[in-house]
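Letter by letter, the chains look like this.
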Amino acid sequence: MLTERHLQIFIALAEEQHFGDAARVVGITQPPLSQGLRRLEALVGAKLFERGAGNVELTPAGAALLPYARRALTSIEELHQAAVARDPEGPEIRLGLAPEVPPSAGAAVAAACGSIIPGSRVTVVTAPTSSLVNQVGTGRLTLAAVQHPAVLDGLEAGPVSLLPTWALVPASTVHDEVVALRQLEGLPIAVRPRAEAPAARDLFLDTLALHRPDGGTVVVTDERAGLAMAAAGQAIVVTADPALIAPGVARHRLADDPLPLRLRLVWSRTRTPFLRPNDVMAQLTEALAS
């Protein structure tokens, strides 16, 4: 059966003329893109592309079918928009939040979704950045607030918001209200597993090593575990959550804010007909940064 994904693969390959670039546009990896092309060619009974060393070129049959594919995909997108417009319950917005997003920021984005898009129903899930990107790409989520940088695989993305961070340290470790990272040597910095957001975690660790060559890190499951370790005198937590605190833990602003939390909203270009970057995403990004 011919599907929307088949059309997306066909059009992306025709426009990009390269398997890797087309895969990023569609939001999948290269093997399933190649498999989808083979299925499409079997369905239409014609060879659509001449393949080279990673590059492709339309065959006469492919060139003849491309205008029909464009019109078909446009019709499907218009169908999505019409369905949303006529849904008596309003569009459902499935919002994903990375665990690092402060609760107040996540709540602000959810509230903005509900107010900016009339009649919308907002549901919220929390998952690591790598999982959220995959869920947005496959349509299980409408949009997500994720850590930057991240491999987005063809998704649309808003501007990067920089949220300031604090260091949560065992009380009496330091006494200055504003501290430099070098003043916090002696205890490891609590970090979440790298697999949750590889690119963002690497940037964090590289910056940490530049400003604080000694001290190391310790992997924790979440900020609550890190906070408990700080209270026990075993670790330091870097957080953007202005409300995260516990007895026995002191909060310090980091000098020059070397480790800001980098967040951005991501969404699918083809799966969110009721989201328009010019009139909606800017307001949602403002809510995230607020």
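Fair warning: this is a prediction, and the values are worked out from it, not measured in the lab.

**Considering the pairing of strand 8 (residues 166-170)**
- Strand 8 sits mainly inside the fold: 5 of its 5 residues count as buried.
- With 3 bridges joining them, strand 8 and strand 12 (residues 237-239) adopt antiparallel strand pairing. By the bridge assignment, A167 is partnered in strand 12 with V238.
- Pairing of strand 8 with strand 13 (residues 249-254), which is carried by 5 bridges, proceeds in the antiparallel orientation.

**Some words on the environment of R269**
- Positionally, R269 belongs in the loop between strand 14 (261-267) and helix 9 (277-289).
- Judged by its relative accessible area of 54%, R269 is exposed.
- Considered as a pair, R269 and E156 are 113 residues apart in the sequence and their alpha carbons are 6.0 Å apart.
- When near neighbours in sequence (up to four residues on either side) are disregarded, R269 contacts V25 and E156.

**What to know about the packing of helix 1 (residues 4-16) against helix 2 (residues 19-26)**
- The interhelical angle for the contact between helix 1 and helix 2, taken along N-to-C directions, is 135 degrees, at an axis separation of 8 Å. The orientation of helix 1 relative to helix 2 falls into the category oblique. When the axes of helix 1 and helix 2 are compared, the crossing they make is right-handed. Across from R5, Q8, I9, A12, L13 and E16 in helix 1, the residues of helix 2 making contact are F19, D21, A22, V25 and V26.

**Quick notes on the nonpolar core**
- Among the nonpolar cores identified, the biggest contains 34 residues, and V101, L143, L265, L284 and L288 are the most heavily contacted of them.
- Of all the secondary structure elements, the ones that give two or more residues to this core are strand 3 (92-97), helix 5 (103-116), helix 6 (129-137), strand 5 (143-147), strand 14 and helix 9.
- Beyond its immediate stretch of four places on either side in the chain, L284 contacts V109, A112, C113, I116, L143 and L265.

**What about the packing of helix 1 against helix 3 (residues 30-44)?**
- With their axes 9 Å apart at the nearest point, helix 1 and helix 3 run at an angle of 105 degrees to one another. The angle between the axes of helix 1 and helix 3 places the two elements in the roughly perpendicular class. Residues H6, I9, F10 and L13 of helix 1 pack against P32, L33, G36, L37, R39, L40 and L43 of helix 3.
- Residues belonging to the contact of helix 1 with helix 3 are distributed by class as follows: 8 nonpolar, 2 polar and 1 charged.

**Examining the packing of aromatic side chains**
- For the structure shown, the criterion picks out 1 aromatic pair.
- Consider the rings of F10 and F49, whose centres lie 5.7 Å apart with planes at 80 degrees: the pair is edge-to-face. One end of the pair, F10, is in helix 1; the other, F49, is in strand 1 (residues 49-51), and 39 residues separate them in sequence. For the pair formed by F10 and F49, the shared burial category is buried.
- Sitting over the ring of Y68, R71 keeps its end group 4.8 Å from the ring centre.

**As for helix 3**
- For helix 3, with 15 residues, the first-to-last C-alpha span of 21 Å sits near the 21 Å given by 1.5 Å per residue.
- Every buried residue of helix 3 is listed here: L33, S34, G36, L37, L40 and E41. The buried residues of helix 3 occupy one face: seen down the axis, they fall within an arc of 160 degrees. Residues of helix 3 that are exposed and point over 90 degrees away from its buried face: P31, R38 and A42.
- Against helix 1, helix 2 and strand 1 lie the buried residues of helix 3.
- In the stretch just after helix 3, G45 is the one whose phi turns positive, near 70 degrees.

**Focus on the environment of A255**
- Along the polypeptide, A255 turns up in the loop between strand 13 and strand 14.
- Expressed as a C-alpha distance, the spacing of A255 and E177, which sit 78 residues apart in the sequence, is 9.6 Å.
- When near neighbours in sequence (up to four residues on either side) are disregarded, A255 contacts V178, V179 and A180.

**Topic: the pairing of strand 5**
- The buried fraction of strand 5 amounts to 5 of the 5 residues, a majority that puts the element mostly inside the structure.
- Residues L143, A145 and Q147 line one face of strand 5 and the alternating positions A144 and V146 line the opposite face, and both faces are buried.
- Pairing of strand 5 with strand 14 involves 5 bridges; the strand directions are antiparallel. Within strand 14, the residue paired with A145 across the bridge is L265.

About the thresholds
Residues numbered from 1 in each chain as written. Predicted model: local features only at pLDDT ≥ 70, side-chain atom pairs only at ≥ 80, totals over all residues. Heavy atoms only, no water. Buried < 20%, exposed > 50% of the residue type's maximum accessible area, 1.4 Å probe, protein only. Helix = DSSP H or I, 4+ residues; strand = E, 2+ residues; numbered from the N terminus. Pairing = 2+ DSSP bridges. Contact = heavy atoms within 4.5 Å. Axes fitted to C-alpha atoms, helices over the stretch in contact; angles between N-to-C directions. Parallel < 35°, antiparallel > 145°, perpendicular 65-115°, else oblique. Left-handed = near helix turned anticlockwise from the far one by under 90°. Core = buried A, V, L, I, M, F, W, Y, C linked by side-chain atoms within 4.5 Å. Nonpolar A, V, L, I, M, F, W, Y, C, P; charged D, E, K, R; others polar. Phe/Tyr/Trp six-rings, centres within 6.5 Å; stacked < 30°, edge-to-face > 60°. Lys NZ or Arg CZ within 6 Å of the ring centre and 35° of its normal. Expected span 1.5 Å × (residues − 1). Arc of directions from axis to C-beta.

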